[in-house]
Amino acid sequence: MIYFDNVSKVYSSDSVALDSVTFAVEPKEFLSLVGHSGAGKSTLIKLLLAEEKPSSGNIYFESIDVHELSRKEIPYVRRKIGTVFQDFKLLPHKTAYENVSFALEAAGRDDAEIAADVPHVLELVGLADRADHFPHELSGGQQQRVAIARAIVSKPDVIVADEPTGNLDPLNTWEIVRLLGKINELGTTVILATHDKEIIDTIGKRVITFKNGRVVSDDKKGKYRL
Amino acid sequence: MIFIHIKRIVLGSFVSFWRHGVVSFTTIMVMVLAIFMVGSLILFQVLLTSTLDQVEQKVDVIAYFKLDAPEDDILQIRELLLRTSEVNSVEYISRDRALEIFKDRNSDNALIASALDELGDNPLGASLRIQAHSPGDYQSVDRFLREGGFSSIDKVNYRDNELVYERLALVLSVARQTGLGIVVVLGVIAFLVVFNTIRLAIYTAKDEIGIMRLVGAANWYVRAPFLVEGAMHGVFASVFATLMFWPLTLWLGPKAKSFFGGPDLFIYYTQHFGSFFVTLLLVGVIIGVFSSFVATRKYLKV
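Residues numbered from 1 in each chain as written. Chains lettered and ligands numbered in written order. Predicted model: local features only at pLDDT ≥ 70, side-chain atom pairs only at ≥ 80, totals over all residues. Heavy atoms only, no water.

Colleague: Is there a simple way to explain the domain arrangement of chain B in this structure?
Modeller: Quoted interface sizes are often the accessible area lost when the parts come together. Residue and element names in this part refer to chain B. Along its sequence, chain B is carved into domain 1 (2-55 + 169-299) and domain 2 (58-159). Both sides together, the interface formed by domain 1 and domain 2 hides about 290 Å², and carbon and sulfur atoms give 59% of it. The largest share of the area that domain 1 buries against domain 2 comes from Q54, V55 and A169, three residues that together contribute 84% of it. Where domain 1 packs against domain 2, one counts zero salt bridges. Run the count over domain 1 and domain 2 and you get zero residue pairs in polar contact (both at pLDDT 80 or more). At the level of secondary structure, the elements contributing two or more residues to the side of domain 1 that touches domain 2 comprise α2 (21-57) and α7 (162-203). (Domains from an automatic or database assignment. Buried area = accessible area lost by both parts, 1.4 Å probe. Salt bridge = Lys/Arg side-chain N within 4 Å of Asp/Glu carboxyl O. Polar contact = N/O pair within 3.5 Å; in protein donor to acceptor, adjacent residues only side chain to side chain. Helix = DSSP H or I, 4+ residues; strand = E, 2+ residues; numbered from the N terminus.)

Colleague: What's the story with empty space enclosed by the protein in this structure? I'm lost.
Modeller: Empty space among the atoms becomes visible once a probe the size of a water molecule is rolled across them. According to the stated counting rule, one finds two cavities of 30 Å³ or more in the structure shown. Looking at the largest cavity, its volume works out to about 80 Å³. Taken together, R78(A), R79(A), I81(A), G82(A), T83(A), A103(A), R150(A), A151(A), S154(A), L214(B) and V215(B) form the lining of the largest cavity. Contributions of two or more residues to the lining of the largest cavity are made by β6 (81-85) and α5 (140-153) of chain A. When grouped by side-chain class, the residues that make up the lining of the largest cavity number five nonpolar, three polar and three charged. The computed volume of the second largest cavity comes to approximately 40 Å³. For the second largest cavity, the full set of lining residues is L48(A), L49(A), A50(A), V66(A), L69(A), I74(A), V77(A), R78(A) and I81(A). (1 Å grid on protein atoms, 1.4 Å probe; cavity = no way out; pocket = protein on both sides within 12 Å on 5 of 7 lines; lining within 4 Å. Points joined across faces, edges and corners; volume = space filled by probe spheres on them. Nonpolar A, V, L, I, M, F, W, Y, C, P; charged D, E, K, R; others polar.)

Colleague: Please explain the nonpolar core as it appears in this structure.
Modeller: Within the largest apolar cluster, 41 residues are counted, with the highest numbers of intra-cluster contacts made by F102(A), I202(B), I209(B), A217(B) and V222(B). If you list the elements that add at least two residues to this core, you get α3 (96-106) of chain A together with α1 (2-19), α2, α7, α8 (206-214), α9 (219-260), α10 (265-271) and α11 (273-299) of chain B. No other element matches α9(B), which puts nine residues into this core. Apart from the residues lying within four places of it in its own chain, the contact partners of I209(B) are I202(B), V222(B), F226(B), T296(B), Y299(B) and L300(B). With 35 residues, the next largest nonpolar core counts F88(A), A131(A), A149(A) and I152(A) among its residues. (Core = buried A, V, L, I, M, F, W, Y, C linked by side-chain atoms within 4.5 Å. Buried < 20%, exposed > 50% of the residue type's maximum accessible area, 1.4 Å probe, protein only. Contact = heavy atoms within 4.5 Å.)

Colleague: Sorry, what's going on with the interface of chain B and chain A here?
Modeller: Chain B puts 20 residues into the contact, and the matching count from chain A is 26 residues. Of the roughly 2,200 Å² buried between chain B and chain A, counting both surfaces, carbon and sulfur atoms make up 58%. A per-residue breakdown of the area chain B buries against chain A is headed by R8(B), R19(B) and L214(B), which together make up 31% of the total. Viewed at the interface, chain A and chain B are joined by three salt bridges. Salt-bridge contacts for D111(A) lead to K7(B); the nearest nitrogen and oxygen are separated by 2.6 Å. For the interface between chain B and chain A, the tally reads nine residue pairs in polar contact (both at pLDDT 80 or more). Residue assignment for the side of chain B that touches chain A shows that the elements contributing at least two residues are α1, α8 and α9 of chain B. Split into classes, the residues belonging to the side of chain B that touches chain A amount to ten nonpolar, four polar and six charged.

Colleague: Any chance you could explain the layout of surface pockets here in plain terms?
Modeller: Empty space within the largest pocket amounts to approximately 730 Å³. Forming the boundary of the largest pocket are 35 residues, of which K94(A), R8(B), G12(B), S13(B) and S16(B) lie nearest the centre. Contributions of two or more residues to the lining of the largest pocket are made by α3 and α4 (111-124) of chain A together with α1, α2, α7, α8 and α9 of chain B. When residues in the lining of the largest pocket are grouped by element, the largest group, nine residues, is from α1(B). In terms of residue class, the lining of the largest pocket is built from 16 nonpolar, ten polar and nine charged.

Colleague: Would you mind going over a positive patch on the surface with me for this structure?
Modeller: Taken together, the side chains of K53(A), R71(A), R199(B), R297(B), K298(B) and K301(B) define a basic patch exposed on the protein surface. Looking at where R297(B) falls in the secondary structure, it is placed in helix α11. (Patch = residues over 30% accessible without salt bridge, like charges linked within 9 Å, V, L, I, M, F, W, Y side chains within 5 Å. Areas by Shrake-Rupley, 256 points an atom, 1.4 Å probe, with all protein chains shown as cover. Lys, Arg positive; Asp, Glu negative; His and termini not counted. Charge placed at Lys NZ, Arg CZ, Asp CG, Glu CD.)

Colleague: Looking at this structure, how should I read the sheet that holds strand β1 (residues 61-65) of chain B?
Modeller: Sheet strands line up and pair through hydrogen bonds in the backbone, either parallel or antiparallel. All names here are of chain B. Read from one edge to the other, the open sheet built from four strands follows the order β2-β3-β1-β4, with strand pairing classed as antiparallel. The open sheet terminates on both sides in strands that have one partner only, identified here as β2 (87-93) and β4 (153-156). On average, adjacent strands in this sheet sit at an angle of 20° to one another, irrespective of strand direction. Bridge count for β1 against strand β3 (residues 127-132) is four bridges, and the pairing is antiparallel. Bridge pairing in β3 links Y64 to S127. Here helix α3 (residues 71-83) sits on the sheet in contact with β1, β2, β3 and β4, set at roughly 165° to β2. (Pairing = 2+ DSSP bridges. Axes fitted to C-alpha atoms, helices over the stretch in contact; angles between N-to-C directions.)

Colleague: Can you walk me through the packing of aromatic side chains in this structure?
Modeller: Aromatic ring pairs: the centre-centre distance and the angle between the two ring planes describe each pair. Overall, the coordinates contain 16 aromatic pairs over all chains when judged by the stated rule. Both rings, one in F4(A) and one in F23(A), keep their centres 4.9 Å apart while their planes meet at 15°; by these two values the pair is stacked. Of the two residues, F4(A) sits in strand β1 (residues 2-12) while F23(A) sits in strand β2 (residues 15-25), which places them 19 residues apart along the sequence. Residues F4(A) and F23(A) agree in their burial class; the two are buried. On the numbers, 5.2 Å between centres and 85° between planes, the contact of F245(B) with F276(B) is edge-to-face. In this pair, F245(B) sits in helix α9 while F276(B) sits in helix α11, placing the two residues 31 residues apart along the sequence. Here the aromatic residues F36(B), F245(B), W246(B), F266(B), Y269(B), F273(B) and F276(B) are joined through ring pairs into a cluster of three or more. (Phe/Tyr/Trp six-rings, centres within 6.5 Å; stacked < 30°, edge-to-face > 60°.)

Colleague: It is not clear to me how the pairing of strand β4 (residues 56-61) of chain A should be interpreted in this structure. Could you clarify?
Modeller: Taken residue by residue, a regular strand's side chains alternate between the two faces of the sheet. Residue and element names in this part refer to chain A. Of the strand pairs in this sheet, β1 and β4 are connected by five bridges, and their pairing is antiparallel. Within the sheet, the bridge partner assigned to D5 lies in β4 and is N58. As paired strands, β4 and strand β5 (residues 64-65) are joined by two bridges and run antiparallel to one another. In the sheet register, Y60 faces β5, and the bridge partner there is D65.

What follows is the structure, encoded as structure tokens:
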């Protein structure tokens, strides 16, 4: 489904973010990317979303080389990849409902579909009663749940979460991890980048460990090893 | 599909305009000042052009004819003059009319009146009062009259005032160029102020633009609401600026008229209200949309 083929990202000679990274992600898999800050996890996600270009190598999403796509074609791939970030990346002047519906509007879905799907997804993440609140009126955990609702509302093939619990307290952290697990159980591939040992050890699924931009281990039922 | 997108973009723009209240208000205020400056420049040009035209109209060349010059000859010369490209108008003043004007002008001078009575005959010749398009054209009008072999012409008064014509031509030309220069420079300043204000306004939304791109919005879908908002800023600003000219011209119009001798700006404003507003509206909308287009381009590269 996703294939990183010998991917390197070099910003300068003394700043190598990724060094010859190769791995594949299968459909419906729950994959955790582990590593210290600066190990290359976020760079990897930026390359998958075509935010940045690799220095060498190829990244395939459903057999399409995402860096061969034109600027106009990139949104079509991004609509198939739901994204969740550490800093939530919500639109500050839109309500929770509008943040979620924006993803559908941008994809050209009709009003009836939006009116049916958005409340359903907000209910799924437990925020049905916060639909009309703006991000600054929500707690960190609630904001992240809005971000997850936005990521899943267009029924993407894969959810990419980059340190989604980095800004959250333990209670909200487990709430988010539980949500991601539930999304995976419903058949969506999940890629979770984190450096939280407890989360990795609890999930007990495939773990790829990064160190200095290189893959140092790839275990089917991995543990935190750094 | 296209209508759904247009509806969402327009509705989204109105909501965003409202929710970005402070930024929208500040942008409109800066645009009002800039558009007000553009409007002032239009009125300044009207006043300047009218004043210079009036000065030009006060200048003429008079060809005096001999006393025995036949009227047909004079009228023929008038026709020939009118056919040249330099001449704007030619007024024929017959001998009788010349005497009438002279008498009117000296009606309170008994000495002149009695001298005329004593002469018995009309001592004044006919004349042609010639107005050229610009003061620089009088030299060629003079040459035409002198070199045309018109024996009935007694005198052309160009030579008496030659220096004045040349100086006036230069002053008018410099005044027009300076006026245009001021308009261009202030116009560019107004544009730059608005352009940079909108750039700053959109800079505050650069993260939002990046987020929209990351959730799969196409460039045009992200950009279009900003363009509509830019147009809305332009519309509001031009309405405010146009209305501000009402009290201003009402107060300034009569004063400017008595000082410059030009048209009353309030009358000009009310008579040209439609075209004046449309000009300011177009300026506002075009600057708003163009600035938004350029400003968003930088942040759409995500």
